[in-house]
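# Notes for the structure review
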Amino acid sequence: MHRLLLIDDDQHLAAPLTAYLQRFDLALDHADRPSAGLARLAATAYDAVILDVMLPEMDGFAVCREIRKTSDIPILMLTARGDVMDRVIGLELGADDYLPKPFEPRELAARLQTILRRQRADRQEAASTAPLVFEGLRVDFERRQVEVQGREVELTGTEFELLGLLAREPQKVFSRDDILTRLRGQEAELYTRAVDILVSRLRRKLEPLDCIKTVRNAGYAFAAARVTD
């Protein structure tokens, strides 16, 4: 059974959601304040976090930023506002998915299952995949480490997955829809812009290398010379 943490000050949400998610072998703990949620994360090994945007003490974006300082645990963010910019900001900060309130519990369960399946598949693949080495770049899937010109750079879980997706098939053009489907397990038109933001963020972290190329009207491709490790 996967163990999840809900950080949300809505006391009426936690109990029914906990009961519902048990049907899918998802055990839910609840923290109604960010400070309590961060303390739980520091003390307990969770498989994913469900994080509300509108919170006391600090908003969900600030909480997401704090979590990403030390962990790449999957984060699904919730918002009552339904603002597209909220989604973009959350994804920029390293959230893995976004769901506006009100939502159907079944959709939340489906999204969580998708995130957890992807996480499990990534770990299985990483355990059996040798590092990829290019000119100035080394991607170690087992340790989930990336080195640029001998310097280790820190990537979020989604950034690492995007780099791995592109680097495993150099020169192949991935459309934005391809990337959404492969990274999120579903297509969502509202997230199309977020792909560009994710690519831009990854490019900055890989500087001075210029290995992710934009293919006009098509998508993105990885362009770096492979070398022997």
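Basis of the calculations
- Residues numbered from 1 in each chain as written.
- Predicted model: local features only at pLDDT ≥ 70, side-chain atom pairs only at ≥ 80, totals over all residues.
- Heavy atoms only, no water.
- Buried < 20%, exposed > 50% of the residue type's maximum accessible area, 1.4 Å probe, protein only.
- Helix = DSSP H or I, 4+ residues; strand = E, 2+ residues; numbered from the N terminus.
- Pairing = 2+ DSSP bridges.
- Right-handed = clockwise from strand over helix to strand, strands pointing away.
- Phe/Tyr/Trp six-rings, centres within 6.5 Å; stacked < 30°, edge-to-face > 60°.
- Lys NZ or Arg CZ within 6 Å of the ring centre and 35° of its normal.
- Axes fitted to C-alpha atoms, helices over the stretch in contact; angles between N-to-C directions.
- Contact = heavy atoms within 4.5 Å.
- Core = buried A, V, L, I, M, F, W, Y, C linked by side-chain atoms within 4.5 Å.

Per an unreviewed UniProt entry, the protein chain goes by Response regulator transcription factor and derives from Leptothrix discophora.

### Things to note about the pairing of strand 4 (residues 75-79)
Most of strand 4 is tucked away, with 5 of its 5 residues classed as buried. Sheet topology note: the strand 3 (residues 48-52)/strand 4 ladder contains 4 bridges and is parallel. Note that in strand 4 the partner of aspartate 52 across the bridge is leucine 78. Between strand 3 and its parallel partner strand 4, the chain crosses via helix 3 (residues 60-68), and the hand of that crossover is right-handed.

### Let's talk about the packing of aromatic side chains
Counted according to the given criterion, the structure contains 3 aromatic pairs. Taken together, a centroid distance of 5.4 Å and an interplanar angle of 50 degrees make the contact between tyrosine 20 and phenylalanine 24 tilted. Plain terms: the ring middles of phenylalanine 141 and phenylalanine 160 are 5.7 Å apart, the flat faces sit at 75 degrees to each other, and that makes the pair edge-to-face. Placement of phenylalanine 141 in the loop between strand 7 (137-140) and strand 8 (145-148) and of phenylalanine 160 in helix 6 (residues 157-168) is noted, with a sequence separation of 19 residues between them. Summarising the burial analysis for this pair, phenylalanine 141 and phenylalanine 160 share the class buried. In this arrangement the basic side chain of arginine 168 is found over the ring face of phenylalanine 141, its NZ or CZ atom lying 4.0 Å from the centre.

### Looking at the sheet that holds strand 7
Within a sheet, adjacent strands bond to each other through the backbone by hydrogen bonds, running parallel or antiparallel. The strand order 6-7-8-9 describes an open sheet built from 4 strands, whose pairing is antiparallel. Each having just a single partner strand, strand 6 (132-134) and strand 9 (151-153) make up the two edges of the open sheet. On average, each strand axis in the sheet is tilted by 20 degrees relative to the strand beside it, whichever way the strands run. Sheet contacts for helix 6: strand 6, strand 7 and strand 8; angle to strand 7, the most-contacted strand, approximately 110 degrees.

### A look at the pairing of strand 3
Counting buried residues along strand 3, 5 of its 5 residues qualify, which places the element largely inside the surrounding structure. Covered by surrounding structure in strand 3 are Ala48, Ile50 and Asp52 together with Val49 and Leu51, the residues of both alternating faces. Relative to strand 3, strand 1 (residues 2-7) runs parallel, the two being bridged by 4 bridges. Bridge assignment links leucine 6 to a residue of strand 3, and that residue is isoleucine 50.

### Some thoughts on the nonpolar core
Judged by nonpolar contacts, the single largest core of 29 residues is most densely connected at Leu137, Val146, Leu163, Leu206, Ile212 and Phe222. The set of elements that each furnish at least two residues to this core consists of strand 6, strand 7, strand 8, helix 6, helix 7 (176-184), helix 8 (192-206) and strand 11 (219-222). The element that contributes the greatest number of residues to this core is helix 6, accounting for 6 residues. Each residue touching leucine 206, except ones within four places of it in the same chain, is listed here: Leu137, Val146, Val148, Leu163, Cys211 and Ile212. Counting 20 residues, the second largest nonpolar core, distinct from the first, contains Ala14, Ile50, Leu78 and Phe103.

### Quick notes on the environment of arginine 118
Within the secondary structure, arginine 118 is located in helix 5 (residues 105-127). A relative accessible area of 11% means that arginine 118 is categorised as buried. Put simply, arginine 118 and arginine 33 are 85 residues apart on the chain and 28 Å apart in space, counted from C-alpha to C-alpha.

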